[in-house]
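Geometric and topological summary
Chain by chain, the residues:
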Amino acid sequence: MKKNKAETGRPAPEGLFGPLPAAPAPAEKGGLLAFSYSKLSLYEECPLKYKFKYIDKIKEEPKYYFAFGSAVHKALEFLYSVKAPPFPSIEEVCEAFRREWNLKSYLEKGYRTQQRADDDYQKGLLMLRAYYEHNRARLAPPFLVEYSTDVEVDGLLVRIIADKIEYQGGGRLLVTDYKTGKDVKRQPAQLYMYQKIAELDPRLKEKIAENYGERVSEVRISRMLYYHVPSNKEYSFDRADDREIGAFWERVLGVAEGIRGLKFEATPGELQCKWCDYKALCPAFFGGHPHPPAAQAVPAAAERIEALVDRYGRLKERMDELQAQLDEVARGIAGTARDGAEYSGDSFTARVTKNHKWEFKDREAVINVLNQFDLYQKALTLTLSGITGVLESPSLPEEARKKLLEQAVRKTAVDIKVARKPGT
Ligand code: SF4
């Protein structure tokens, strides 16, 4: 039920253009809350952003990466929409990509210039050719492509759209989700949603009976894959166990409770605000920076501890996910960057500094070497810098250096200092 100011104890949020309208009821179909994985992740990113998009229905600006991903998905859908070989040729697949691409202008797709759109168009063609070549030998008609279904569960009407489902007999399914963005570490949460919902979906059993003449009492997801199209890499996840699915579902129900309870506090942060189209409406975003408004600075007293615990858990999970992505990107930069060099992207510059250091595996073995060559005193202290000083001393006998190096591992610490380019 909708709560007014008196019930929540908090004033209605203010936008830059005055008080924001009270939240209308969330989208319900026959008493069920319409839900999906993207709704889950958007609410977890920022509940207020969720409200702007799904409750107030304020349209976002088009995003070029969605347009690009959608055209590649369309081309792959075209490729796999055959009941039996032969499959379309690569030229026909590229034509399907072109058709989808040309449905909108570069501005409608979210590009700032025609040139950027043209570059991505060429990139898409190359990507599809590489995909086709890589998979040509194992092309097989899948069970379902772009399968969309809505399943009722726990007061929710949950929609999943699976890019590709293959049938492995005995009610077992393999689900593939195509990714066209950066090759970051994938978290299995989206796949948990496929598993939970697909296994409850009665239509899948009917479709198995129609397509394969097999009557199955249950459907089970045996494996799930993220397929990163730009690199042709697969990330395979085994079927999640009941504990994992249970924890994930608690997370879903927590978010659904927040939506039903009209809890739409802003959770500002550099990352989510950067790509948010609702900054001008948002009371938590002032002067180009995320900024928690005073009304939000003291939420704890007004909220139940259980809700705070859930929120803390969700934020921690997001933080772990972002940290994993950050580490992966930093490793990518460290692998190719030169020490002391500065690199420039569209919006940021980065100066990369590499520091080499030694680590010693076995303290006792190091002491033995130092004693053997009468170097113990030279080390002064048995700290890392003391031993490194001995190792790097030009007067160290070659034999002693060799033995110390046998105990040493050379590590490289990389420091990346980024700065936003002015005007971006
Ligand atoms: S600007 Fe930031 S805090 Fe405001 S709605 Fe967008 S993501 Fe949330």
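Everything below is about the structure shown above.
Anyway, here's the lowdown on the structure attached to this text. Computed from a predicted model, the values in this text were never measured in an experiment.

1. Observations concerning the overall build of the protein
Per the secondary structure count, the protein includes 17 helices and 14 strands. With 424 residues in all, the protein has 40% of them scored as buried. Across the protein, every contact between residues at least 6 apart in sequence was considered, and the portion connecting residues at least 24 apart equals 68%. Counting only carbon and sulfur atoms, one obtains 54% of the accessible surface of the protein, whose full area is about 24,300 Å².

2. Points about the sheet that holds strand β12 (residues 342-344)
Taken in spatial order, the three strands of this open sheet run β12-β13-β14, and their pairing is antiparallel. At either end of the open sheet lies a strand with only one pairing partner, and these are β12 and β14 (408-420). For this sheet the average axis-to-axis angle between neighbouring strands, irrespective of direction, equals 30°. For strand β13 (residues 348-360) and β14, the ladder comprises 13 bridges, and the chain directions are antiparallel. From the neighbouring strand, N355 faces β14, where its bridge partner is A413.

3. Side note on the site of the ligand
Residues in close proximity to the ligand include C46, K49, A266, P268, Q272, C273, C276, C282 and F285, which together make up its full environment. Comparing atom positions with the cavity grids shows the ligand to sit within the second largest cavity. Of the residues assigned to the shell around the ligand, the class counts are seven nonpolar, one polar and one charged.

4. Observations regarding the packing of helix α2 (residues 37-45) against helix α3 (residues 47-55)
It is at 5 Å that the axes of α2 and α3 come closest, and there the two elements cross at 130°. With respect to α3, the element α2 is oriented oblique. Side by side, α2 and α3 meet where S38, K39, L42, Y43 and E45 of the first sit next to P47, K49, Y50, K53 and Y54 of the second. Looking at side-chain class alone, the contact of α2 with α3 contains five nonpolar, one polar and four charged residues.

5. Points about the packing of helix α5 (residues 90-101) against helix α7 (residues 114-135)
Two elements in contact, α5 and α7, have axes whose closest approach is 10 Å; the angle formed by their N-to-C orientations is 150°. Here α5 is positioned roughly antiparallel relative to α7, judged by the angle of their axes. Pair α5 / α7 crosses with right-handed handedness. On α7, the residues that touch I90, E91, V93, C94, F97, R98 and W101 of α5 are A117, D120, Y121, G124, L125, L128, R129 and Y132. Partitioning the contact of α5 with α7 into residue classes produces 10 nonpolar, one polar and four charged.

6. Structural notes on the side chain of R251
Summarising the element assignment, R251 is placed in helix α10 (residues 242-260). Relative accessible area serves as the criterion here: at 16%, R251 is assigned to the buried category. A distance of 2.9 Å separates polar atoms of two side chains, one belonging to R251 and the other to E44.

7. Some remarks on the environment of K59
Within the element layout of this structure, K59 appears in the loop between α3 and α4 (64-80). We classify K59 as exposed; its relative accessible area is 77%. Separated by 218 residues in the primary sequence, K59 and D277 have C-alpha atoms spaced 8.8 Å apart.

8. What to know about the pairing of strand β4 (residues 32-36)
With five of five residues buried, β4 lies mostly within the body of the structure. By the alternation rule, side chains of β4 split into L32, A34 and S36 and L33 and F35, which are all buried. Judged from the four bridges that link them, β4 and strand β6 (residues 156-167) form a sheet pairing that is parallel. Considered in β6, the bridge of F35 is made with V158.

9. Quick notes on the pattern of salt bridges
The full count for this structure, using the stated rule, is 19 salt bridges. A salt bridge links E95 to R98, with the shortest nitrogen-to-oxygen separation between them at 2.7 Å. Of this pair, E95 and R98 are both found in helix α5, three residues apart, which corresponds to roughly one turn of the helix. A residue is classified by how much of its surface remains accessible, and E95, at 31% relative accessible area, is partly exposed. On the accessibility criterion, R98 (32% relative accessible area) is partly exposed. Two residues, E398 and R401, come together in a salt bridge whose shortest N-O distance is 3.2 Å.

10. Remarks on a nonpolar patch on the surface
On the surface, Y64, Y65, F66 and W275 cluster together into a nonpolar patch covering about 420 Å² of accessible area. Here W275 is to be found in the loop between α11 (270-274) and β10 (285-286).

Conventions used here
Residues numbered from 1 in each chain as written. Predicted model: local features only at pLDDT ≥ 70, side-chain atom pairs only at ≥ 80, totals over all residues. Heavy atoms only, no water. Helix = DSSP H or I, 4+ residues; strand = E, 2+ residues; numbered from the N terminus. Buried < 20%, exposed > 50% of the residue type's maximum accessible area, 1.4 Å probe, protein only. Contact = heavy atoms within 4.5 Å. Areas by Shrake-Rupley, 256 points an atom, 1.4 Å probe, with all protein chains shown as cover. Pairing = 2+ DSSP bridges. Axes fitted to C-alpha atoms, helices over the stretch in contact; angles between N-to-C directions. Near = heavy atom within 4 Å. 1 Å grid on protein atoms, 1.4 Å probe; cavity = no way out; pocket = protein on both sides within 12 Å on 5 of 7 lines; lining within 4 Å. Sits in = over half its atoms within 2 Å of the grid points. Nonpolar A, V, L, I, M, F, W, Y, C, P; charged D, E, K, R; others polar. Parallel < 35°, antiparallel > 145°, perpendicular 65-115°, else oblique. Left-handed = near helix turned anticlockwise from the far one by under 90°. Polar contact = N/O pair within 3.5 Å; in protein donor to acceptor, adjacent residues only side chain to side chain. Salt bridge = Lys/Arg side-chain N within 4 Å of Asp/Glu carboxyl O. Patch = residues over 30% accessible without salt bridge, like charges linked within 9 Å, V, L, I, M, F, W, Y side chains within 5 Å.

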